[in-house]
Protein chains: 4
Amino acid sequence: MKKVKIGIAGLGRLGKVHAQNIAYKIPNAELTAACSIVPAELEYAQKELGISAVYSDYKEMLAKADIDAVAIVTTSSEHCWQIEAALDAGKHVFSEKPLGTDLEQCRKAEAAVERHPDLTFMLGFMRRYDKSYAYAKKKIEEGAIGTPYLVKATGIDPEALVEGAIRFAKTSGGIFLDMAIHDIDLMRWFLGSEATEVYAMGATFKHPEFQAAGDDETGVAVYKFENGAMGMIHVGRTAPHGYHVETEIVGTEGSIRISAVPEKNQARIYGPGGVLTECVGSFPERFEEAYLVEMAEFVDCVCQGRKPGVSVYDGTKSTAVGYATTEAWRTGKPVKIG
Amino acid sequence: MKKVKIGIAGLGRLGKVHAQNIAYKIPNAELTAACSIVPAELEYAQKELGISAVYSDYKEMLAKADIDAVAIVTTSSEHCWQIEAALDAGKHVFSEKPLGTDLEQCRKAEAAVERHPDLTFMLGFMRRYDKSYAYAKKKIEEGAIGTPYLVKATGIDPEALVEGAIRFAKTSGGIFLDMAIHDIDLMRWFLGSEATEVYAMGATFKHPEFQAAGDDETGVAVYKFENGAMGMIHVGRTAPHGYHVETEIVGTEGSIRISAVPEKNQARIYGPGGVLTECVGSFPERFEEAYLVEMAEFVDCVCQGRKPGVSVYDGTKSTAVGYATTEAWRTGKPVKIG
Amino acid sequence: MKKVKIGIAGLGRLGKVHAQNIAYKIPNAELTAACSIVPAELEYAQKELGISAVYSDYKEMLAKADIDAVAIVTTSSEHCWQIEAALDAGKHVFSEKPLGTDLEQCRKAEAAVERHPDLTFMLGFMRRYDKSYAYAKKKIEEGAIGTPYLVKATGIDPEALVEGAIRFAKTSGGIFLDMAIHDIDLMRWFLGSEATEVYAMGATFKHPEFQAAGDDETGVAVYKFENGAMGMIHVGRTAPHGYHVETEIVGTEGSIRISAVPEKNQARIYGPGGVLTECVGSFPERFEEAYLVEMAEFVDCVCQGRKPGVSVYDGTKSTAVGYATTEAWRTGKPVKIG
Amino acid sequence: MKKVKIGIAGLGRLGKVHAQNIAYKIPNAELTAACSIVPAELEYAQKELGISAVYSDYKEMLAKADIDAVAIVTTSSEHCWQIEAALDAGKHVFSEKPLGTDLEQCRKAEAAVERHPDLTFMLGFMRRYDKSYAYAKKKIEEGAIGTPYLVKATGIDPEALVEGAIRFAKTSGGIFLDMAIHDIDLMRWFLGSEATEVYAMGATFKHPEFQAAGDDETGVAVYKFENGAMGMIHVGRTAPHGYHVETEIVGTEGSIRISAVPEKNQARIYGPGGVLTECVGSFPERFEEAYLVEMAEFVDCVCQGRKPGVSVYDGTKSTAVGYATTEAWRTGKPVKIG
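Residues numbered from 1 in each chain as written. Chains lettered and ligands numbered in written order. Predicted model: local features only at pLDDT ≥ 70, side-chain atom pairs only at ≥ 80, totals over all residues. Heavy atoms only, no water.

## Re the relation of the copies chain A and chain B
Mapping chain A onto chain B calls for a rotation angle of 180 degrees and an axial translation of 0.0 Å; the resulting RMSD is 0.0 Å. One copy is carried onto the other by what is essentially a two-fold rotation axis. Take the interface residues of chain A: 100% of them recur as interface residues in chain B, which is what a same-surface contact looks like. (Least-squares fit on C-alpha atoms with pLDDT ≥ 70 in both. Contact = heavy atoms within 4.5 Å.)

## Quick notes on the packing of aromatic side chains
Counted according to the given criterion, the structure contains 42 aromatic pairs over all chains. Ring geometry for A:Phe205 against B:Tyr149: centres 5.5 Å apart, planes inclined by 15 degrees, an arrangement best described as stacked. Note that A:Phe205 is positioned in the loop between strand 8 (195–203) and helix 10 (208–212) and B:Tyr149 in strand 7 (residues 148–158), a pairing that runs across two chains. In this structure an aromatic cluster arises from ring pairing among A:Tyr133, A:Trp189, A:Phe190, A:Tyr243, A:Phe283, A:Phe287 and A:Tyr291. The ring centre of B:Phe283 lies 5.5 Å from the NZ or CZ of B:Arg13, which sits over that ring. (Phe/Tyr/Trp six-rings, centres within 6.5 Å; stacked < 30°, edge-to-face > 60°. Helix = DSSP H or I, 4+ residues; strand = E, 2+ residues; numbered from the N terminus. Lys NZ or Arg CZ within 6 Å of the ring centre and 35° of its normal.)

## Thoughts on the interface of chain A and chain B
At the junction of the two partners, chain A supplies 37 residues and chain B supplies 37 residues. The junction of chain A with chain B conceals about 3,100 Å² of combined surface from both sides, 66% of it contributed by carbon and sulfur atoms. For the interface between chain A and chain B, the tally reads four salt bridges. B:Glu246 is the salt-bridge partner of A:Arg257, the closest N and O atoms lying 2.7 Å from each other. Linking chain A with chain B are 12 residue pairs in polar contact (both at pLDDT 80 or more), by the criterion used here. Listing elements by their share of the side of chain A that touches chain B, those giving two or more residues are strand 7 (148–158), strand 8, strand 9 (218–225), strand 10 (230–239) and strand 11 (244–251) of chain A. Considering each element in turn, the side of chain A that touches chain B owes the most residues, six residues, to strand 9 of chain A. In the side of chain A that touches chain B, the residues fall into 18 nonpolar, 12 polar and seven charged. (Buried area = accessible area lost by both parts, 1.4 Å probe. Salt bridge = Lys/Arg side-chain N within 4 Å of Asp/Glu carboxyl O. Polar contact = N/O pair within 3.5 Å; in protein donor to acceptor, adjacent residues only side chain to side chain. Nonpolar A, V, L, I, M, F, W, Y, C, P; charged D, E, K, R; others polar.)

## Concerning empty space enclosed by the protein
Counted according to the given criterion, the structure contains seven cavities of 30 Å³ or more. For the largest cavity, the calculated volume is near 1,100 Å³. Looking at the largest cavity, it is lined by 40 residues, and the ones nearest its centre are A:Val261, A:Arg268, B:Val261, C:Val261 and D:Val261. Elements supplying a minimum of two residues to the lining of the largest cavity: strand 13 (267–271) and strand 14 (274–277) of chain A, strand 13 (267–271) and strand 14 (274–277) of chain B, strand 13 (267–271) and strand 14 (274–277) of chain C together with strand 13 (267–271) and strand 14 (274–277) of chain D. Residue composition of the lining of the largest cavity, grouped by class: 16 nonpolar, 12 polar and 12 charged. (1 Å grid on protein atoms, 1.4 Å probe; cavity = no way out; pocket = protein on both sides within 12 Å on 5 of 7 lines; lining within 4 Å. Points joined across faces, edges and corners; volume = space filled by probe spheres on them.)

## Topic: the interface of chain A and chain D
Listed per partner, the contact involves 29 residues of chain A and 29 residues of chain D. Carbon and sulfur atoms make up 49% of the surface buried where chain A meets chain D, a total of about 2,700 Å² over both sides. Three residues, A:Tyr135, A:Gln266 and A:Tyr270, lead the burial of chain A against chain D; their summed loss comes to 25% of the area buried on that side. In this structure, A:Glu278 engages D:Lys139 in a salt bridge whose closest nitrogen and oxygen atoms are separated by 2.7 Å. The interface formed by chain A and chain D contains 12 residue pairs in polar contact (both at pLDDT 80 or more).

## Notes on the pairing of strand 7 (residues 148–158) of chain D
Residues and elements named next belong to chain D. Burial of strand 7 is extensive: 10 of the 11 residues sit out of reach of the surface. In terms of strand pairing, strand 7 meets strand 10 (residues 230–239) through eight bridges, oriented parallel. The partner of Lys 152 across the bridge, within strand 10, is Met 232. (Buried < 20%, exposed > 50% of the residue type's maximum accessible area, 1.4 Å probe, protein only. Pairing = 2+ DSSP bridges.)

## Focus: a negative patch on the surface
There is a patch of like negative charges on the surface, built from A:Glu288, A:Glu289, D:Glu288 and D:Glu289. Breaking the negative patch down by element, the ones donating at least two residues are helix 12 (288–304) of chain A together with helix 12 (288–304) of chain D. On the secondary structure map, A:Glu288 appears in helix 12. (Patch = residues over 30% accessible without salt bridge, like charges linked within 9 Å, V, L, I, M, F, W, Y side chains within 5 Å. Areas by Shrake-Rupley, 256 points an atom, 1.4 Å probe, with all protein chains shown as cover. Lys, Arg positive; Asp, Glu negative; His and termini not counted. Charge placed at Lys NZ, Arg CZ, Asp CG, Glu CD.)

## Thoughts on the state of the cysteines
What the rule picks out here adds up to zero disulfides over all chains. Of the cysteine sulfurs around B:Cys303, a residue in no disulfide, the closest is that of B:Cys301, at 9.3 Å. (Disulfide = S-S within 2.5 Å.)

## What to know about helix 12 of chain D
Residue and element names in this part refer to chain D. In this model helix 12 runs 25 Å from its N-terminal to its C-terminal C-alpha over 17 residues, within 8% of the 24 Å that 1.5 Å per residue would give. Those residues of helix 12 lying buried are Ala 290, Tyr 291, Leu 292, Glu 294, Met 295, Glu 297, Phe 298, Val 299, Cys 301 and Val 302. Of the residues one or two after helix 12, Gly 305 is the one with positive phi, at around 65 degrees. (Expected span 1.5 Å × (residues − 1).)

## Details of the pairing of strand 1 (residues 4–9) of chain C
All names here are of chain C. Along strand 1, five of the six residues are buried, which leaves the element largely enclosed by surrounding structure. Handedness of the crossover is the feature at issue here: the chain leaves strand 1, passes through helix 1 (residues 13–25), returns alongside strand 2 (residues 29–35), and the resulting connection is right-handed. Of the pairings in the sheet, the one linking strand 1 to strand 4 (residues 69–72) comprises four bridges and is parallel in character. Looking at strand 4, one finds that Gly 7 is bridged to Val 70. (Right-handed = clockwise from strand over helix to strand, strands pointing away.)

## Focus on the packing of helix 6 (residues 131–141) of chain C against helix 9 (residues 181–191) of chain C
Residue and element names in this part refer to chain C. For the pair helix 6 and helix 9, the least separation of the axes is 10 Å and the interaxial angle reads 25 degrees. By the angle between their directions, the pair helix 6 and helix 9 is classed as roughly parallel. On the side of helix 6, the interface is formed by Tyr 133, Ala 136, Lys 137 and Ile 140, while helix 9 contributes Leu 186, Trp 189 and Phe 190. Here the residues of the contact of helix 6 with helix 9 sort into six nonpolar, no polar and one charged. (Axes fitted to C-alpha atoms, helices over the stretch in contact; angles between N-to-C directions. Parallel < 35°, antiparallel > 145°, perpendicular 65-115°, else oblique.)

## What to know about the sheet that holds strand 6 (residues 121–124) of chain B
All names here are of chain B. What the six strands build is an open sheet, ordered 3-2-1-4-5-6; its pairing is parallel. Lying at the two open borders of the sheet, with one neighbouring strand each, are strand 3 (54–55) and strand 6. Here two bridges tie strand 2 (residues 29–35) to strand 3, and the two strands are oriented parallel to one another. By the bridge assignment, Ala 34 is partnered in strand 3 with Val 54. Where helix 4 (residues 79–88) meets the sheet, it contacts strand 4 (69–72), strand 5 (92–96) and strand 6, and its direction lies at approximately 170 degrees from that of strand 5. Across the sheet, helix 12 (residues 288–304) is in contact with strand 1 (4–9), strand 2, strand 4, strand 5 and strand 6; its angle to strand 5 comes to roughly 160 degrees.

## Observations regarding the pattern of salt bridges
Residue and element names in this part refer to chain A. For the structure shown, the criterion picks out 97 salt bridges over all chains. A salt bridge links Lys 264 to Glu 285; the shortest N-O distance between them is 3.1 Å. Taken together, the residues span a long stretch of sequence, with Lys 264 in the loop between strand 12 (255–258) and strand 13 and Glu 285 in helix 11 (residues 283–286) at a distance of 21 residues. Looking at Glu 285, the relative accessible area reads 30%, which means it is partly exposed. In this structure, a network of salt bridges that share partners links the residues Arg 128, Asp 185, Arg 188, Glu 194 and Asp 314.

## Comments concerning the relation of the copies chain A and chain D
In the superposition of chain A on chain D (RMSD 0.0 Å, axial shift 0.0 Å), the rotation amounts to 180 degrees. When the interface residues of chain A are mapped onto chain D, 100% of them again lie at the interface, so the same face is used by both copies.

## A look at the sheet that holds strand 3 (residues 54–55) of chain C
Residues and elements named next belong to chain C. Read from one edge of the open sheet, six strands run 3-2-1-4-5-6, paired in parallel fashion. The open sheet has two free edges, formed respectively by strand 3 and strand 6 (121–124), since each of these has just one partner strand. Lying over the sheet, helix 1 contacts strand 1, strand 2, strand 4 and strand 5 (92–96), oriented at roughly 145 degrees with respect to strand 2.

## Section: the side chain of D:Thr326
All names here are of chain D. Within the element layout of this structure, Thr 326 appears in helix 13 (residues 312–331). Exposure remark for Thr 326: the relative accessible area of 7% places this residue in the buried category. A distance of 2.8 Å separates a polar side-chain atom of Thr 326 from the backbone oxygen of Gly 322.

## Observations regarding the side chain of A:Asn265
Tracing the sequence through the fold places A:Asn265 in the loop between strand 12 and strand 13. Residue class for A:Asn265 comes out buried when judged on its relative accessible area of 7%. Among residues more than four places away in sequence, those in contact with A:Asn265 are D:Lys131, D:Ser132 and D:Tyr135.

In short, geometric facts, not functional conclusions.
Below, the structure is given as structure tokens:
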């Protein structure tokens, strides 16, 4: 079995997750290079992952490292040019979401992908690879709920991590671009249709810092889709019970609801206040397995010359919807999409 | 203990529920008269409830029957004038929701209530008297979830009863007036604020008859409130699993969610497909106890000269929001309220 | 409709529940007399229930009151002779469980019932009339779980009420007689067979007062049945989360589990510790509706000359099993029954 | 980082799980040899795992292979001598449960472990490494439920796999030795005490083949422990809904219940019959992650010279309790242990 040699770009919190999955948990992958502008991250790569080929310059890694593919886990604004450069250097590419931070970038990335039809490109919409979401998709394809016509998505970060969100409130692009991209992708995926109009609003009741920064703590949006279906999104940053990601797909013959209680594990405590279910505390905890499955899928696609289920166009379209949602939120008016 | 003598107007499905509660289950109430334009219903009153004073004319009942109060469970379009007539005849009034079918009617009912400050008037927003909703309200008042700022409400009638809904699609006033009035009242109640703007949309994927009648099978709406809070409503008519009423109140320090699974009882069946929870089949099953508690509260208010928690203004305001939602749905544009 | 006139004996906590149900909530019943050795209870009957015919002597009530039936809610040791006296006086009888406190008494009650085949006798195994238990029974009769062969029953009183249990520990007859009689009846009912052997044990870890009084805080027992089926019982007095009654019936094709979480209502609180379900606090709260349904069934049986589902023999047999369980617990040896 | 080189003995269903974990998912482990008496398994090792050093003779592997440790996943009756031989050959040992099939064997294994205090020995009670069980243990150690005094354990294999169980019914040693060893270990672990007496019974209602083979389809047992605590076990082979492993630990201040619904994932289907939770289908699905965590712990123990939480004595004691339970079941009498 020939292993796919991968270089990772970015070794922050999520970068470390991907790096360890590639290095240790995917049989047909090998982590052979790492790149970061943060010296401590390169030290981590050398000491913890045993990688000697470390680079502070991304282009240098592309030029010199012994790699078949790159995994891009850098700041969102760097994704598109790094994707383009890697593909042009003949490397397969896995990139974290979002594809880019503006649509022009996204189009360039699309063009690069189209220029290299022989190379594998995959975008990290990892929720699609979560056991529960993949099961829901399979059930829907089997006809379990008839025709899906409404997706209700909730994504709330834990209050425990709110300080980080406050710190980045000015530069995050606003709550919808920051928080809703996965939900937008899931709506499109489950409904099999594209959004045509959005109306949105926000509120800030707990941390005025968000509004001071021109952002909101909580956002709500509704969508119309080409095929007549609808979507509802509720995103926020202050869930006291943990990291709350919940999705319901409503169809003509039934519904599937995922994670109404974002349970940490299968233990329930019967104690003085009642019966308590503890909840997951963060997205790496909730989607630990999905991150692994998604990267394994990328590597398998490279090995087998298959195209992954998530294309570059999913990235552009979800970004476009994110921008439209943000415009609707800022203007208070419905916004047409596409 | 002096009993409150009540005459009931309307003995359809829900009228019978109220009649039996008054007749048999509320110690300090007595059902002494009944009125209906349907002969079979008067026969029911005589034979099943043992009431001799039956009337086919509402005004005649008011004039002749030995009653302290009336319970109005007639067609929605009759509510307002019947309220007015009863109050002017010196009777306490319980009226089923909605208060009226247009705002002009509602204002007249308001005026009648104001003319008779000594008489008790109560509107049948019975969900407020459901054990779970009342508990949620109490918890919120105790501060359990901080400041509530978002209500997410779902109300879906069972597919099993869809034929009736199809039959009345042309005359129902549209899905939001027909289905959302309770959810609108609950949003106002839990948030302690009035809606100022609404945006809405609908879809019909299962029964084209709804769209043919100018209605929709499913409706979605979002609301802004005076105090900055928000609301999301999803109403429908095709729940395959039963009668689905679910409400979540999101606050700064926590959330309360009611009936995510509208369980029929506490038995769970572990069988070939997995673990199954059967669900309630209809609103009388789900709110059986709430209908009793609400009527008992009305009777207690009459006895004690207290004002019920639900006022005539709740009826007008919820109706106004219902109309605005309907306009938003029909025009596809956000609509200002009030 | 002729109403059944009932005299109640005993107006303690549970007596009051029955009295109010009879007086106010059962259309074809009337509470016309009350008897108690506690003056305050008779005062309650007069003032709160408006009953003028009150008695401090049970036999006097039987002789003088205008009653068709009696509801016996007195101390367990009085049940049997009161049943006998009432039947011999020509009254229908509803008696709270247990039938009696020794088997000799039970046999006398059986004989009295047999002497009066025209009179209705019903024993208060109210769990059979709980919505969830009745549903489970119906499902089992419909074949939903094949042949039932194992019942696992749990019944734990709330820690909040433990002081009362400690006070009566010396005279209660031990935890199995005090706590397990409902579970024993349910095992027999669901399995459709009689217990032939029992093995039992107990433990006291929280309140040494129980062991000091010759009792135990928690008891565990296993049973063999005539038809080869089995039973497991866990009873206790120290549930911190509320009143925990849970029952599972295991069959060849599936299982039904009732009240794994003894939820207070359908609201769930998403708060700092996770997702919390509050629980019922006591048996009157958990079985409020069952007490009403059971009494209504008794009254209907009287009216229609029907025999209730719970016979006097159910009382004797459950008592016999309770005694055998107690002997097994005290001796540490398996005990044959019957 | 030096990797621990491991040779695996046995590549059946569970052997393959361990082999893949060692080969691909544990950074500091390496699968360098494999041994099996089944030629197809050795072919699997060569082709799928890329292992050239394969052996049909266990002792030959010990003598010749480049290994630091062995993972024994052979037939239960081979465990003990293989443990002894490996330790005497200077290898660290991971052995699947049960330790042995009779107590004499177990004592020999104990002696071997004691002879080699410098070598790591670990027994595969993998449930202790399951996320939910480990969490429960941690909570208990933190005092969340006070003093634990009762463990209620249920373990039921899926009806879907019953044919295999029927095939081995004659040689399995009976349902308690075959099915209850994990539950016995968990009782001991959670209670921190040893069982002193057991009473047991069984039943067969669905597949008479079990009784024909001298076995039972379902078994029930109750235990007394040295410290006064108690245990209840229910094992079976015919769960229609999937693989049902459920455990409750009852303490003086609360309880923890694990997997009351053995959910497959977090999706719930709202469909015609109600709300359905699909369940896990087998032990490898339920404990997939626990098998990995346990092996990683073994490898870490080897690397760091630590002793694992599960000792050889846990194996002997659980086996002794399993034998006593089997004797109690066969004789119908309580059996003293130890």
